[in-house]
Structures are given as C-alpha cells and as structure tokens.
Amino acid sequence: PCRGIPGKKCGTAIVTAEELGCCRDSVLMQFCANKLDKKDFFGKSDPFLVFHRSNEDGSFTICHKTEVVKNTLNPVWQAFKISVRALCNGDYDRTIKVEVYDWDRDGSHDFIGEFTTSYRELSRGQSQFNVYEVINPKKKGKKKKYVNSGTVTLLSFLIETEVSFLDYIKGGTQINFTVAIDFTASNGNPSQPTSLHYMNPYQLNAYGMALRAVGEIIQDYDSDKMFPALGFGARLPPDGRVSHEFALNGNPQNPYCHGIDGVMEAYYRSLKCVQLYGPTNFAPVINHVARYAASVKDGSQYFVLLIITDGVISDMAQTKESIVNASKLPMSIIIVGVGPAEFDAMEELDGDVVRISSRGRFAERDIVQFVPFRDYIDRSGNHVLSMARLAKDVLAEIPEQFLSYMRVRGIKPSPAPPPYTPPIHVLQTQI
C-alpha cells in the first residue's frame, strides 16, 4: 500500500518477479501494417504497437512500444532492438501479445486490435507465417461479417548475441591502469594535519584511500600488476621546474610501480621531495595515456586513467580537447575529487547530462566518470564500507564504456582458452 496522505487510500504498488534466464541474444525486428481500422474523425489513424511478455502466472507485462506513425492506415514502423530476456525470458514458445492502438493527444489511445505470436514463430522471419490478423474482440462479437481490423506483417528478424565485458577479458584483453595524482599547493602542506596530503602514520589520507579503493579492484584485471604512476602540479628537484606529468618513482623512462603497494610507496616518496605548486592541469596526463592507447586500437588492450584531484581545473579548454580526442581511443578516465572544493567543472567533464565538446566537435562516446570523495566518507568511521561503495560507483561505467568502444569498432572478443586441466599421474603399483 502507498501511504502519505492521512486518512486517504493512495493505491497499491504491485511487484512481480521472475528469475532471469541466461539467454544473451537480442533481436532486431521491423513490422508494418496494412488496412488498419480508421479511428480518427478528421483523418486516418496514428498507429503504434505495444508488445507484452506473458508471465509465469498468466499475466502480461509491457516490454516494448513502437513509435507513432501519423495519419496512415498502412504504417511502416522503424526497426527496434530488444533482448530475448525482455521479450520472453528465453522461453521461445511463451506467448507474446501485440496490441495495436491509435494514438490520441490526450492519452486516451483507441484500441484497434491485437494478435498473439511467439519468439519461435517470429524467428521464421518474413514469410506467410508472420502475417497476423489484427482482431478487436468487441467488434468480432457484435458484427457477424467482421473479418479483422487490418493485418500486421513482420518485415525482418535478425538475431544478435550480446557480448559482455567479461567475454573480452576471458579472451585476453588487457586492462592497463594508470594513476595521476594532484600535487598542487591548494592541497595544503603535507606536514600539516589539515592537508589532504597529510602523511598520518596511523591511517590513509583521502588520496591514499581513493587510490587503494579503486586500484585494489582494477589490479585484478591487469596481469603484470605494473602501473605507471604520475603526478602533476609540482616543482621538481633539483632545479624547481614545474611539471604536469612527472613519474612518482622519479624515473621518467620507466614510471611503472609494482602493484598498488608500489604506487603508494612512490606517492609517499614524492611527497617528501617535490614542492606542491600549480596550476591544476589535466591535459598533459590525459595526453600521456592517450599516446599509449593510440598505439593499440585492435581491442587487445584498454587503458584506464585514475586522476585524483582536490579541485578547480586550470586548463579546461585543453582538457576538453584531450577528452574529445581520447574518446576515439580504447580509454576511460576516472576522476575522484577529494576535499571540500566545488566540483562543477568536473561534472561538466563527466558528460552524463551534456555530451562534452571542444571547438564544435563532440566526444564520440562518454569516457569520463567523476565522483566526489566526500560523498563516501562513512560517518561511523567504517572505511572498509565507504571504500567498497566508492570503488563500485567509480568503476560502474567502465564496462559499458569499454563495450561502446568495441562495438563502434566492430571488435569481437577472442575465444577464451580452454580451462586448465592438471596432468593426470598414473599410479603404477607393483604386485
């Protein structure tokens, strides 16, 4: 029961559930209709189709609606894609009910008629079997000479097997993980407890927590566990030059650190020898990873850049351009914002609301995920829980971003190698 207004019944919400089948196919279908009933006084009908999946208890659930085709009794609807799970939960003989309506502006759409089919019937494709009479039961009961309210014909039926992120991982695609840490002066003096870079001997600072939370999970997808770790916005010894792309381990020729522990070690070592400075430029580290991603576009490798920053970005125009360029590459960018700053610019880079663009060019796909670290600080002090939540949200978009790159390029996963079976040792016994 829905509650909220005292003394008034607010209706009931009904939830029905069914275990999903493991079918991963999708179908691309297209329909047209012929001689549908005229329902509008001043014109022809504005027809659309509503598809219903039948449930285990005999009820029906809407699983797809087509677009409305205006002012015609012979509409051709656009092809649409639907998962077989949604259509019939992988049960090829389960009833699929299709209703035909005439669209009305006020929402009181007029029922033209209906027919039933099944996945097995539809999978025969365009044939005489897939021309359906649209029947209006009320009309049929009243008129003796009633034949039908038109026909609906299946024009095409194409089956596609959806592949998952794990299919590529099983097939050998490598995830390369790079870390970039903000060493700008706005983080505060690392020797002071108020600093976001404060080296507390008893607990991780915000940078360390974010790094561990994300890194611990991503490292499982990286077989060699060697991670390039970069810093930006600091003055480097011995001459105090400002760098926005320096190796945390001090070796620009080989910025790789072994495992997340190696990254943490290099991060703490850098804090002791570089001077926090500025400004906050993202483009150099994005371009650094993009150079590597540009050299392997065959789907064998995918690059994830984790940027941890305290805030206000200085090179917004250059960063947008870098992201638009990188959106064509096998690459994703995760930005974790630490500290109390306003992160409006980061939300813009995220591109979930408005696709990011630079000089009139839009990003080919969304590759940036931004999360503010403060949303994950557990007030009870349970850092394990807050880190798990952070990692989950930060990594949530990576599989879909990865798949969107592979789909656009038409790259299929390699077949998984056969499972390892240990050799069988035959025991010889002497009699």
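Residues numbered from 1 in each chain as written. Predicted model: local features only at pLDDT ≥ 70, side-chain atom pairs only at ≥ 80, totals over all residues. Heavy atoms only, no water.

Right, let's talk about the side chain of Thr-72 for a bit. With respect to the helices and strands, the residue Thr-72 is situated in the loop between strand E3 (60-65) and strand E4 (80-83). One polar contact links the side chain of Thr-72 to the main-chain amide nitrogen of Asn-74, over a distance of 2.9 Å. What Thr-72 contacts, discounting residues up to four positions off in sequence, is Lys-44, Ser-45 and Pro-47. (Helix = DSSP H or I, 4+ residues; strand = E, 2+ residues; numbered from the N terminus. Polar contact = N/O pair within 3.5 Å; in protein donor to acceptor, adjacent residues only side chain to side chain. Contact = heavy atoms within 4.5 Å.)

Next up on the list: the domain arrangement of the protein. For the protein, the assigned domains read domain 1 (25-161) and domain 2 (165-409). Summarising the inter-unit geometry, the C-alpha centres of domain 1 and domain 2 are found 49 Å apart. (Domains from an automatic or database assignment.)

The residues that UniProt annotates with the feature "domain: VWFA" (unreviewed entry) are residues 176-377. From the first C-alpha to the last, residues 176-377 spans 28 Å; its make-up is 28% helix and 26% strand. (UniProt positions renumbered as here; feature names shortened; annotations may be inferred.)

Let us now look at the sheet that holds strand E7 (residues 131-133). With antiparallel pairing, the four strands of this open sheet are ordered in space as E4-E1-E8-E7. Lying at the two open borders of the sheet, with one neighbouring strand each, are E4 and E7. The sheet shows a mean angle of 35° between the axes of neighbouring strands, direction not considered. Two elements, E7 and strand E8 (residues 151-161), share three bridges in a ladder whose sense is antiparallel. Of the residues in E8, the one forming a bridge with Tyr-132 is Val-152. (Pairing = 2+ DSSP bridges. Axes fitted to C-alpha atoms, helices over the stretch in contact; angles between N-to-C directions.)

With that settled, the discussion passes to the packing of aromatic side chains. Taken as a whole, this structure holds 19 aromatic pairs when the rule is applied. Taking 5.1 Å as the distance between ring centres and 35° as the angle between the ring planes, the aromatic pair formed by Tyr-267 and Tyr-268 counts as tilted. The exposure class assigned to Tyr-267 is buried, which follows from its relative accessible area of 0%. A residue is classified by how much of its surface remains accessible, and Tyr-268, at 24% relative accessible area, is partly exposed. Each member of the aromatic cluster is reached from another via a ring pair, and the members are Phe-165, Tyr-168, Tyr-221, Tyr-302 and Phe-402. (Phe/Tyr/Trp six-rings, centres within 6.5 Å; stacked < 30°, edge-to-face > 60°. Buried < 20%, exposed > 50% of the residue type's maximum accessible area, 1.4 Å probe, protein only.)

This brings us to the environment of Lys-81. Topologically, Lys-81 is positioned in strand E4. A relative accessible area of 44% places Lys-81 in the partly exposed class. For the pair Lys-81 and Asp-222, spaced 141 residues apart in sequence, the C-alpha separation works out to 34 Å. Setting aside its immediate chain neighbours within four residues, Lys-81 contacts Ser-26, Val-27, Leu-28, Glu-160 and Glu-162. In this structure the side chain of Lys-81 is engaged in a polar contact, spanning 3.0 Å, whose partner is the side chain of Glu-160.

This part takes up helix H8 (residues 316-326). Looking only at H8, the buried set comprises Met-316, Thr-319, Lys-320, Ser-322, Ile-323, Val-324 and Ala-326. Buried positions along H8 lie against helix H7 (283-293), strand E17 (331-337), helix H9 (344-350), strand E18 (357-358), strand E19 (361-362) and strand E20 (368-372).

Let's shift gears to the sheet that holds strand E11 (residues 234-236). Sheet architecture is open: three strands sit in the order E12-E11-E15, paired in antiparallel fashion. In the strand order of this sheet, the two ends are held by strand E12 (241-243) and strand E15 (275-276), each with one partner. The pairing of E11 with E12 spans three bridges and is classified as antiparallel. Each residue of the ladder has a partner; that of Arg-235, found in E12, is Val-242.

Quick look at unusual backbone geometry now. Residues Pro-237 and Pro-238 are joined by a peptide bond in cis, for which omega reads 0°. Position of Pro-238 relative to the elements: it lies in the loop between E11 and E12. The linkage connecting Gly-278 with the following residue, Pro-279, adopts the cis geometry, with an omega of -10°. Note on placement: Pro-279 falls in the loop between E15 and H7. The residue Arg-359 is not glycine, and still its phi comes out positive at about 50°. With respect to the helices and strands, Arg-359 occurs in the loop between E18 and E19.

Quick look at the UniProt feature "domain: C2" (unreviewed entry) in the protein now. Per the UniProt annotation, the sites labelled "domain: C2" (unreviewed entry) are residues 9-132. Across residues 9-132, the secondary structure splits into 7% helix and 38% strand, with the terminal C-alpha atoms separated by 43 Å.

Below, the discussion takes up the pattern of salt bridges. Counted under the stated rule, the structure contains 16 salt bridges. Between Lys-81 and Glu-162 there is a salt bridge, with the nearest N and O atoms lying 3.1 Å from each other. Taken together, the residues span a long stretch of sequence, with Lys-81 in strand E4 and Glu-162 in the loop between E8 and helix H4 (165-170) at a distance of 81 residues. Since its relative accessible area comes to 26%, Glu-162 is described here as partly exposed. Between Arg-409 and Glu-364 there is a salt bridge whose closest N-O contact spans 3.0 Å. With Arg-409 in helix H11 (residues 398-409) and Glu-364 in the loop between E19 and E20, this pair connects stretches of sequence that are 45 residues apart. (Salt bridge = Lys/Arg side-chain N within 4 Å of Asp/Glu carboxyl O.)

Turning our attention to H11. In this model H11 runs 17 Å from its N-terminal to its C-terminal C-alpha over 12 residues, within 8% of the 16 Å that 1.5 Å per residue would give. Of all the positions in H11, only Ile-398, Gln-401, Phe-402, Leu-403, Ser-404, Tyr-405 and Met-406 are classed as buried. In the core, the buried residues of H11 are packed alongside H4, strand E9 (174-182), strand E16 (301-309), E17, E20 and helix H10 (383-395). Gly-410 sits one or two residues past H11 and shows a positive phi near 70°. (Expected span 1.5 Å × (residues − 1).)

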